[in-house]
Amino acid sequence: RLLDAFAPPRWRREHELWKAGAISTFREMNEREFAYLPAAKREEMVRYALETVQLRTGAEEFVAFCRTEGIPLEIVSGGLDFYILPILKKYGMERLPVLSMKHADFTQGGNIVPAYPEGIVVCETTGACKCARLWHYQGKGYRTVYLGDGSSDRCVAKQADMLFARRALALYCQEEGIPFTPFETFHEALAVLKPMLGKRL
């Protein structure tokens, strides 16, 4: 949405080049896309995000459920911190851990420069590594549940103990034979997860 609203239309060419194989990794494509955003319009872009973005139906109930049940919950995102964090604050979720997202550097010239904060595991294929977060919890003995919908979720989809997928990720999983549960709202995911608590979720 931000790119459509604030970047020149040619930003979409990066995605087409990636699909055609001219750009070899999702990381490169994603970084090149975000680099079209104008550094001088930070406040306007944040305001636009706050005015237009709505959480997926059931998201607040999903977060509340995890908190009540003591289930660790994180957001892993290929997006940028400068709009993700204000949106979460708007919905009272600013304490929710948000890991793997990129930092937007507004000081390098006319456009922003995506960067990776210290402590983020960087993957040459996807950028900020989402798999690392699953491995972190699996290493502690947790069974991991992942909900995703995009191209940057392909690798991590193969690592989760239980996967909910929609849109492009669901199509990819169908093509690759990766087991998943389809979902559109967080209410649907909750309906599946709640009965599992007695089975060591």
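Conventions used here
Residues numbered from 1 in each chain as written. Predicted model: local features only at pLDDT ≥ 70, side-chain atom pairs only at ≥ 80, totals over all residues. Heavy atoms only, no water. pLDDT = per-residue confidence, 0-100. Helix = DSSP H or I, 4+ residues; strand = E, 2+ residues; numbered from the N terminus. Core = buried A, V, L, I, M, F, W, Y, C linked by side-chain atoms within 4.5 Å. Buried < 20%, exposed > 50% of the residue type's maximum accessible area, 1.4 Å probe, protein only. Contact = heavy atoms within 4.5 Å. Pairing = 2+ DSSP bridges. Right-handed = clockwise from strand over helix to strand, strands pointing away. Arc of directions from axis to C-beta. Salt bridge = Lys/Arg side-chain N within 4 Å of Asp/Glu carboxyl O.

Topic: the confidence of the model for the chain
Taken over all residues, the pLDDT of the chain has a mean of 93, while the share at 70 or more is 98%. For the chain, the element scoring lowest by mean pLDDT is strand 2 (residues 98-99), at 85; strand 8 (residues 162-165) scores highest, at 98.

Digging into the nonpolar core
Core analysis: the largest hydrophobic core is formed by 26 residues, its most contacted members being Leu37, Leu80, Phe82, Tyr83 and Ile112. Secondary-structure elements contributing two or more residues to this core are helix 1 (2-6), helix 4 (42-52) and helix 6 (81-90). The element that contributes the greatest number of residues to this core is helix 6, accounting for five residues. Those residues in contact with Leu37 that sit more than four places away from it in its chain are Leu2, Leu3, Phe6, Met45, Leu80, Phe82, Gly110, Asn111 and Ile112. Core analysis: the next-biggest nonpolar cluster, separate from the first, contains 16 residues, Cys129, Leu134, Ala157 and Tyr172 among them.

Here we look at the pairing of strand 8
Of the two faces of strand 8, the one carrying Met162 and Phe164 and the one carrying Leu163 and Ala165 are both buried. Two strands pair when backbone bridges link them, and strand 7 (residues 145-148) and strand 8 are joined in this way by four bridges, in the parallel orientation. Bridge pairing in strand 8 links Leu147 to Phe164. Bridge count for strand 8 against strand 9 (residues 181-182) is two bridges, and the pairing is parallel. Looking across to strand 9, one finds that Phe164 is bridged to Thr181. Viewed along the sheet, the connection from strand 8 through helix 9 (residues 167-176) into strand 9 turns out right-handed.

Describing the environment of Met45
Here Met45 lies in helix 4. Given a relative accessible area of 0%, Met45 falls into the buried group. For the pair Met45 and Met162, spaced 117 residues apart in sequence, the C-alpha separation works out to 35 Å. Look past the residues within four positions of Met45 in its chain and what remains in contact with it is Leu2, Phe6, Leu37, Pro38, Phe82 and Phe106.

Some words on helix 4
Taken residue by residue, helix 4 has Met45, Val46 and Ala49 as its buried positions. On an axial view of helix 4, the arc spanned by its buried residues comes to 100 degrees, and they lie on one face. Away from its buried face, by an angle of more than 90 degrees, helix 4 presents the exposed residues Glu43 and Glu51. Where helix 4 is buried, its residues meet helix 1 and helix 6.

What about the pattern of salt bridges?
Here the structure, examined in full by the defined rule, presents nine salt bridges. Here Arg27 makes a salt bridge to Glu31, at a shortest N to O gap of 2.9 Å. Linking Arg27 with Glu31, this pair stays in helix 3 (residues 26-34), spanning four residues, or about one helical turn. For Arg27, a relative accessible area of 16% translates into the label buried.

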